[in-house]
Amino acid sequence: QVQLVESGGGLVQAGGSLRLSCLASGGTFRTYTMGWFRQTPGKEREFVATISGSGDTTYYGDSVKGRFTASRDNAKNTVYLQMNSLDPEDTAVYFCAASSLLGLGVRQRYHYRYWGQGTQVTVST
């Protein structure tokens, strides 16, 4: 059983930056593909980014490419999402998730077994 706890959300002005963190416990962290998703009320949970177990490979959703960067520190059991050039459209609850599947195709919600509770990101105009 893997437990995930996100942190780092908050209120930021458009054009600003935030870094989200997700601390994992209860599993062998480096063996998991980690993902970031986001959700706004009434909408489906949207894929944001995925990062391989080694951290060497990442893949991003089209809406965040070039602005967001996923990274991980396996020594600290933590995955990060650096978010730059934030836009009000980025306002959402952000979730991290862990999957035992491998590869950049791990982008669907059903690929991920473990989820954090989410952290709110609000971008003001």
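Structural notes, computed from the coordinates. (Residues numbered from 1 in each chain as written. Predicted model: local features only at pLDDT ≥ 70, side-chain atom pairs only at ≥ 80, totals over all residues. Heavy atoms only, no water.)

Quick notes on the state of the cysteines
This model, assessed by the stated rule, comprises one disulfide. The partner cysteine of Cys-22 in its disulfide is Cys-96, sulfur to sulfur 1.9 Å. For the disulfide bridge between Cys-22 and Cys-96, the dihedral angle about the S-S bond is near 45°, and by the sign convention the bridge is right-handed. In this pair, Cys-22 sits in strand 3 (residues 18-25) while Cys-96 sits in strand 9 (residues 92-99), placing the two residues 74 residues apart along the sequence. Judged by its relative accessible area of 0%, Cys-22 is buried. (Disulfide = S-S within 2.5 Å. Helix = DSSP H or I, 4+ residues; strand = E, 2+ residues; numbered from the N terminus. Buried < 20%, exposed > 50% of the residue type's maximum accessible area, 1.4 Å probe, protein only.)

A closer look at the side chain of Asp-90
Within the element layout of this structure, Asp-90 appears in the loop between strand 8 (78-83) and strand 9. Within the structure, Asp-90 has its side chain in polar contact with the side chain of Arg-67 (distance 2.7 Å). If we skip the residues at most four places from it in the chain, Asp-90 touches Arg-38, Arg-67, Phe-68, Ser-85, Val-121 and Val-123. (Polar contact = N/O pair within 3.5 Å; in protein donor to acceptor, adjacent residues only side chain to side chain. Contact = heavy atoms within 4.5 Å.)

So, the environment of Ser-17
Tracing the backbone shows Ser-17 in the loop between strand 2 (10-13) and strand 3. Taking the C-alpha atoms as reference points, Ser-17 and Ser-85, 68 residues apart in sequence, are found 6.2 Å from one another. Among the polar contacts listed, one links the side chain of Ser-17 to the side chain of Asn-84, at a separation of 2.9 Å.

With respect to unusual backbone geometry
A positive phi angle is found at Asn-77, which is not glycine, with a value near 55°. Take Asn-77: it is sitting in the loop between strand 7 (68-73) and strand 8.

A word on the packing of aromatic side chains
In total, this model carries seven aromatic pairs according to the counting rule given. Taken together, a centroid distance of 6.2 Å and an interplanar angle of 85° make the contact between Tyr-32 and Tyr-114 edge-to-face. Here Tyr-32, found in the loop between strand 3 and strand 4 (33-39), pairs with Tyr-114, found in strand 10 (residues 114-115); they are 82 residues apart in sequence, far enough to count as distant. Each member of the pair, Tyr-32 together with Tyr-114, is buried. Here the aromatic residues Phe-37, Phe-47, Tyr-59, Phe-95, Tyr-112 and Trp-115 are joined through ring pairs into a cluster of three or more. For Arg-45, the ring lying beneath its charged end belongs to Phe-95, and the centroid distance is 3.7 Å. Taking the ring centre of Tyr-59 as reference, the NZ or CZ of Arg-107 above it sits at 3.7 Å. (Phe/Tyr/Trp six-rings, centres within 6.5 Å; stacked < 30°, edge-to-face > 60°. Lys NZ or Arg CZ within 6 Å of the ring centre and 35° of its normal.)

These figures come from the coordinates and say nothing about function on their own.
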